[in-house]
Amino acid sequence: MDLEYTADEHAFRDAVRDFVQAELPQDIASRVRDHRRLSRDDHVIWQDILARKGWLTGHWPSRFGGLDWTPVQCHVFDEETAAAGAPRLIPFGLNMVAPVLMAFGSPWQQAHYLGRIRQNLDWWCQGYSEPGSGSDLASLKMSAVREGDHYVVTGQKTWTTYAQHADMIFCLVRTAQGPRRQEGISFLLIDMHSAGITVRPIILLDGEHEVNEVFFDAVRVPVENLVGEEGRGWTYAKYLLGHERTNIAGVGASKREVRALRELAAQLQFDGRRLAEHAPVARRIAEIEIDLLALEMTVLRVLSAREQAPGPEASILKLRGTEIQQAISELAMDMAGQYALPFVPEAFAAGSEACGVGPVALAPLAARYLNLRKVSIYGGSNEIQRNIIAQTILGL
Amino acid sequence: MDLEYTADEHAFRDAVRDFVQAELPQDIASRVRDHRRLSRDDHVIWQDILARKGWLTGHWPSRFGGLDWTPVQCHVFDEETAAAGAPRLIPFGLNMVAPVLMAFGSPWQQAHYLGRIRQNLDWWCQGYSEPGSGSDLASLKMSAVREGDHYVVTGQKTWTTYAQHADMIFCLVRTAQGPRRQEGISFLLIDMHSAGITVRPIILLDGEHEVNEVFFDAVRVPVENLVGEEGRGWTYAKYLLGHERTNIAGVGASKREVRALRELAAQLQFDGRRLAEHAPVARRIAEIEIDLLALEMTVLRVLSAREQAPGPEASILKLRGTEIQQAISELAMDMAGQYALPFVPEAFAAGSEACGVGPVALAPLAARYLNLRKVSIYGGSNEIQRNIIAQTILGL
Amino acid sequence: MDFTLTEEQSLLGDAIDRFNARTQDSVSRRRRLESEAGRLRTMWHEVAALGLAGLLVPEADGGSGAGMAEVMVMMQAAGRGLMVEPLVATAVVGATLLVADTDVSRRTRLLARLVAGDLLLALAHAEPQASASMQQVLTEARCQGDEYVLQGAKSLVLHGGEADLLLVSARTAGSPQDLEGVSLFLLDPAHPGVVKRDYATLDGHRACELALDEVRVPASAMLGRAGTAAALIEHALDRGSAALCAEAVGVMETLLAQTTEYLRTREQFGQAIGRFQVLQHKAVDMLVQLEQSRSMAYLASLRADAAHREDGAREVSAARVSIARSARAFAQSAIQLHGGIGMTDELPASHYARRLSLLEFWLGTREQHLERYMHLKQPDRVAAS
Amino acid sequence: MDFTLTEEQSLLGDAIDRFNARTQDSVSRRRRLESEAGRLRTMWHEVAALGLAGLLVPEADGGSGAGMAEVMVMMQAAGRGLMVEPLVATAVVGATLLVADTDVSRRTRLLARLVAGDLLLALAHAEPQASASMQQVLTEARCQGDEYVLQGAKSLVLHGGEADLLLVSARTAGSPQDLEGVSLFLLDPAHPGVVKRDYATLDGHRACELALDEVRVPASAMLGRAGTAAALIEHALDRGSAALCAEAVGVMETLLAQTTEYLRTREQFGQAIGRFQVLQHKAVDMLVQLEQSRSMAYLASLRADAAHREDGAREVSAARVSIARSARAFAQSAIQLHGGIGMTDELPASHYARRLSLLEFWLGTREQHLERYMHLKQPDRVAAS
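Residues numbered from 1 in each chain as written. Chains lettered and ligands numbered in written order. Predicted model: local features only at pLDDT ≥ 70, side-chain atom pairs only at ≥ 80, totals over all residues. Heavy atoms only, no water.

Student: Could you clarify how one ought to interpret the packing of helix α7 (residues 230–265) of chain C against helix α8 (residues 277–305) of chain C in this entry?
Tutor: Packed helix pairs are specified by the crossing angle of their axes together with the interaxial distance, meaning the distance between the axes. All names here are of chain C. In contact at an axis separation of 9 Å, α7 and α8 are set at 155 degrees when each is read in the N-to-C sense. With respect to each other, α7 and α8 are oriented roughly antiparallel. Here the hand of the crossing between α7 and α8 comes out left-handed. A per-class count over the contact of α7 with α8 returns 15 nonpolar, 5 polar and 5 charged. (Axes fitted to C-alpha atoms, helices over the stretch in contact; angles between N-to-C directions. Helix = DSSP H or I, 4+ residues; strand = E, 2+ residues; numbered from the N terminus. Parallel < 35°, antiparallel > 145°, perpendicular 65-115°, else oblique. Left-handed = near helix turned anticlockwise from the far one by under 90°. Nonpolar A, V, L, I, M, F, W, Y, C, P; charged D, E, K, R; others polar.)

Student: Can you walk me through the domain arrangement of chain C in this structure?
Tutor: By a widely used convention, the size of an interface equals the accessible area lost when the partners come together. Residue and element names in this part refer to chain C. Partitioning chain C into domains gives domain 1 (7–119), domain 2 (122–227) and domain 3 (231–379). Between the C-alpha centres of domain 2 and domain 3 there is a distance of 29 Å. Listed as interface residues are 19 residues of domain 2 and, on the opposing side, 16 residues of domain 3. Ranking the residues of domain 2 by area buried against domain 3 places M134, L202 and D203 at the top, with a combined share of 42%. Counting every contact that joins domain 2 to domain 3 gives 1 salt bridge. One salt bridge connects D203 with R355, and the closest N-O pair in it is separated by 2.6 Å. Counting every contact that joins domain 2 to domain 3 gives 5 residue pairs in polar contact (both at pLDDT 80 or more). Contributing elements (two or more residues each) for the side of domain 2 that touches domain 3: β3 (147–158), β5 (182–187) and β7 (206–218). Grouping the amino acids of the side of domain 2 that touches domain 3 by side-chain chemistry returns 10 nonpolar, 7 polar and 2 charged. (Domains from an automatic or database assignment. Contact = heavy atoms within 4.5 Å. Buried area = accessible area lost by both parts, 1.4 Å probe. Salt bridge = Lys/Arg side-chain N within 4 Å of Asp/Glu carboxyl O. Polar contact = N/O pair within 3.5 Å; in protein donor to acceptor, adjacent residues only side chain to side chain.)

Student: I'm lost on helix α6 (residues 104–116) of chain D in this one. Help?
Tutor: Given 3.6 residues per helical turn, the α-helix brings residues three or four places apart onto the same face. All names here are of chain D. Here α6 contains 13 residues, and its C-alpha end-to-end distance of 18 Å stays within 8% of the 18 Å for a straight helix at 1.5 Å per residue. Within α6 the residues assigned to the buried category are R106, R107, L110, L111, L114 and V115. Taken down its axis, α6 places every buried residue within 150 degrees of arc, on the same side. Downstream of α6 by one or two residues, G117 has phi in the positive range, about 85 degrees. (Expected span 1.5 Å × (residues − 1). Buried < 20%, exposed > 50% of the residue type's maximum accessible area, 1.4 Å probe, protein only. Arc of directions from axis to C-beta.)

Student: Would you take a moment to explain the confidence of the model for chain C for this structure?
Tutor: Regions with low pLDDT carry predicted coordinates that are not meant to be interpreted in detail. All names here are of chain C. With 94% of its residues at a pLDDT of at least 70, chain C reaches an overall mean of 92. Here residues 380–385 is a poorly scored stretch, pLDDT under 50, and it has 21 contacts once near neighbours within four places are set aside; other chains count. Among the scores for the predicted complex, ipTM is 0.95 and pTM is 0.95. (pLDDT = per-residue confidence, 0-100.)

Student: What is the right way to read the interface of chain B and chain A from this model?
Tutor: Contact residues are listed per partner, giving 4 residues for chain B and 4 residues for chain A. Here chain B and chain A share an interface that buries about 260 Å² over both sides, 67% of which is from carbon and sulfur atoms. It is A279, P280 and R283 of chain B in chain B that bury the most area against chain A; as a group they hold 92% of the surface buried on that side. Viewed at the interface, chain A and chain B are joined by 0 salt bridges. Scanning the region where chain B abuts chain A turns up 0 residue pairs in polar contact (both at pLDDT 80 or more). Its residues placed into classes, the side of chain B that touches chain A shows 2 nonpolar, 1 polar and 1 charged.

Student: Looking at this structure, how should I read the side chain of T57 of chain A?
Tutor: All names here are of chain A. Turning to its location among the elements, T57 is positioned in the loop between α3 (40–53) and α4 (71–84). For T57, a relative accessible area of 1% gives the class buried. Each residue touching T57, except ones within four places of it in the same chain, is listed here: G65, G66, L67, L94 and R118.

Student: Looking at this model, I keep getting lost on the interface of chain C and chain A. Mind explaining?
Tutor: Of the residues lining the interface, 47 residues belong to chain C; the matching set on chain A comes to 44 residues. Across the chain C to chain A interface the summed buried area is about 3600 Å²; carbon plus sulfur atoms make up 60%. Looking only at chain C, the three residues that lose the most surface to chain A are L202, M343 and F361 of chain C, adding up to 19% of its buried area. Linking chain C with chain A are 3 salt bridges. With a shortest N-O distance of 2.6 Å, D334 of chain A and R328 of chain C are connected by a salt bridge. At the surface where chain C touches chain A, the tally comes to 23 residue pairs in polar contact (both at pLDDT 80 or more). Every element with two or more residues in the side of chain C that touches chain A is listed here: β3, β6 (194–200), β8 (267–268), α8, α9 (310–338), α10 (348–358) and α11 (366–375) of chain C.

Student: Looking at this structure, I do not really get the relation of the copies chain B and chain A. What am I missing?
Tutor: Both copies of the chain are related through a single rotation about an axis accompanied by a shift along the same axis. In the superposition of chain B on chain A (RMSD 0.0 Å, axial shift 0.1 Å), the rotation amounts to 180 degrees. In short, the pair behaves as if placed about a two-fold rotation axis. When the interface residues of chain B are mapped onto chain A, 100% of them are again interface residues, pointing to one common binding face. (Least-squares fit on C-alpha atoms with pLDDT ≥ 70 in both.)

Dropping the structure here:
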């Protein structure tokens, strides 16, 4: 038992820190830190930088061009890049479709798609949810009918994050009707530039455009884009959930946000003193910080405990991770006080210090609070996570 | 709409306050305020005083010897007596069996038992729960078999509050087996001094003896002690729940407890200042006080809205009332700090200022915190209350 | 003690509900908000025709002569319909101030316009500097001959952009935290030296920032006696707070109905999601929050109606704090129970949740009201006595 | 970074579990606690025979030469079995202090007795006056020739009643909050002028209040150099805190197992109550609290092991605060999920819940640890780096 980082891990941390300091464009970092909107380019530029270094896929096995990073290295990488204000990596290709392709993809799929992901050539998105399916994923209806060496896909996906930017989408589609709904589902890779695909934005309650509806009208997909066997898509989807290497707890980003809270509290005045000296605020920051420390230790414990990906423990990390993200955003909004109210869309854009009302750092905080309501809903709502834990860990 | 008390209500408040000040024995009041154990006599003496004045049953209809107090008068009476440190009235006779007898009792039962309750001659207890029945009351098993003009009662009740003091118990018993469990239940009044009754104490986790198991071994009960019709006991029990005039929210007592918190905070020192000036404590007191104010307004709203007893709204009052009681006890324990730890049973008894460890007011606070865990369990757990509200008010 | 509404009061609520059913929907709301004052003003005439603009104006002045009970009824209905009209700014806070004007001819003239829906008002009192006290005034009004020169800045002036007349607090004597020395000025927003920055707020209303740079007004622009406006402003703000409390209750009413309806109809795993006990209990907690808020809205309204007394102020702040806490949890649950769809701008429920989430920052934040509650002396008996 | 236990550490935990299965039950526990030192001492010899008394004593002194990782393992097992033996007072806090004794012959002699189970220790440091700081010392030790005269009072001396030797902090210089000037004295509890008030605590342990009235001890009774004991005491208390953290985890382990077992077997309305989603989710929250606590117990143990550093102290206090919050909610849920039976003294689960509820008041309350956390400077990187 030893909770200190090894010398190697320290060296790795230094290397990451130095690289990020040298290479991360400062305009992107400041947009991230100030909660401004990021463009498609902001993400692509940063991921290109990492791809050139080989670090975009450092967590991949070397046989697929990765660097075999240990879980602790992954954590350190996440922590250092988040601390510096790097955009989060878009996970759909890197951490979601990739593990599925590594396990079940054809040699061609592996060579072609994994290669392009590694080089950051495709922006992927995820086609799971459909209108009405929600947490009950297996009720999906989008159909794929085999015609010669194509599938003809018709139907609709929804809540598709960044579909407006995407080149590729991986979809669960129904290739057969059966008594068990989980059977007859297949896993298909679809070019977003195909004829017949329409993307319609869904605007969230903070005015943000992150998610979309995606309509498929007789879209023709070559059969070589079927992953694994027809009808086994549900198995692959479950495998994906279990092997998602996404930093589900978001510790690195939350640590950055807590530091931002401290800085804000040190800048803002309340009754002529620094807000940081206002006992209720100081205490809430301390309690969030302590919660985050406990979460971080739990992440490290889960990561160190096994070489392979966490099972139901991931649900614990997701629960606490999202609760803490929401608590941070709630405190931030409270610290904004009356300046939580103004909604000046230009203030969310880059380099717009002049447009805001009140201290510039406060402009996005209430919108962010509202936006972060999503984290306890998507990716399996927190109620679903608790159901999973009750069943699989507690045996209830 | 007018939230001011009327002149009559003010006069009533003054009358209650004057009476209590003159008549409530100070030793009893100080035991109540200091959370010391009360003896049977403490309760009986105070209830005798009220009975002589006619106020023990002021809330009863005049045709049964009451004073037809309005709901607001009941609230004022509760508030003033609680504020002065009067023991709570033992509700089992006054507020639980009495409404059932008024509605369904025979003329003899009304004359005999209601008369004795009004004069404070019998201490009643409640025989509902059985081992294993818990929230699922209808699963009760205690049997009553008719033999001539007696029922022979055999079985067990549990969680019987103050059975050790009681002269009478009202019981739900099974007089028939049927497909619907609710059928075949009867409502029986049993003399606790009957042959065949054994009372066994259950000690709670704070060391307190409040509840008991009561064993019935072929206890003979005269048939005139059957309330209403055989097999309709479930109906009477539900009527009782709906007409319980107990101050279910406990506003008066909680107001006394919040004042006690304030006094404690003004006495205790922390870092050389009064604890009342310690921002986190001051804030918690304020927030509890505000919650209690909201509850009080809700009680008054529910009471004023109808002449008859509250329906499912009672569940809301019970929920919030118990949550606030528990929050007060939690803060009190926290204020005790390290002196939450000592457990000196003598310090719980009357006039034992010398025995405690640390400031005398702190001695019972942790035990009280533990004891008050019960309020979200008994009388229909708070989970059951939420089920009731979901079904009856929200229609879910 | 009596919590029942009179028949007249009930009818008022019904009338507003009907009006809202006809006029309030997401599209028209957005259009009114995004447009310049013109469209808003058309609607405001209709609102005035319902008697709402002059609700608090004495009958002798052409108003309804109503009190805070009626304001509560109005604001609950406004909340139910998610009205974006400047009821609080003009009909509650503004009207309370104008009614107190001691310049009789001006009072008569302005109240007539107010009642007719021809006068939108805004109180410019809060300032950019965060403070525990809602009574801090840094803006100065220097007396120069028979003029005053206003210098300072005001923040979050509710519906200040549309206002025909601003009511500006400024200090004619004393230091920033003093109650003495605060005066109130009537100010034309087009007056030289007044710079407005008008903007939308996240909860679907509008506000402005106000910079006052050497703004010269005649001494007659003052409302009431010099240096004595603090109590009047506090009273007007408390009435505004009580109105917000009632509005929150109305918002919760609609939002709870929308949420339970969704729970009853949305199916997952082969059953209505309202069958899941955890979701049921969350909805129950929403109901409890609503009922506690309703109680506190009553209290706030009645206390803000009486002559302004210290325990009244304390209880109004208690109500704001209580409702702010309930509203926060309530809105979170409403969104969570709706799932993804609850996050979208398309669903009316999300607009209600947004308003409910932000309400606590208007006219004194929760933090300010809690501090105020704690610092006001507790009267001998707290509640309703 | 490595969280796995060595085989030796695992075996230690197993051995204590077996020992507890044989010796720890409600009845024997109560008997040991209510009795005078005799019975407790018999058991303590058995505990010592397992190597627990001398766990932290160097091998050269006959001990196990173990570290805080082993203390964590021991205390988790102690928690699982709800041991009432004075492990924290003697084997953790006491041993840490004695090992630091610079009087070599006394050190050797006392450590030998400690390892053999013949020496029960108690640190008398906390005092009756509530303070945000755990380092306040008002008790005075005046130097008179080659003697010190102790005057003052100590509170909540953990297992002070049974102790053969008291370790008393007293001020030889400076003022109450100073770190400089605190000294540590070895004191025979039977010494003239020492008045003990021994009592049980609500969580099933024992403590005493200590009055020191003109207690004369030779200068040699001092442990270490005059005026320099504050850091040592802080370190010993941090180790005690880490031990309490680990014990809380053990208590939670058993209590969660008891609770889920109850949920699986107790039937209501025709099904196991563990089928009710609301109860399931409450149990899930308990699991989450346990896992967070487990993580923090690791952190506290490792940080209390290293040479005492400021960020170590900060993280130990963070762990105490985190675990206190989890423990409070956890114990409440455990009782609530058990229903009435969870309130009774008859059910072992209630004893676990009681211990878990009160643990946070020992060796610095949650409030004190939170204040300490907030006042210690944050290092550049917080966690585990």
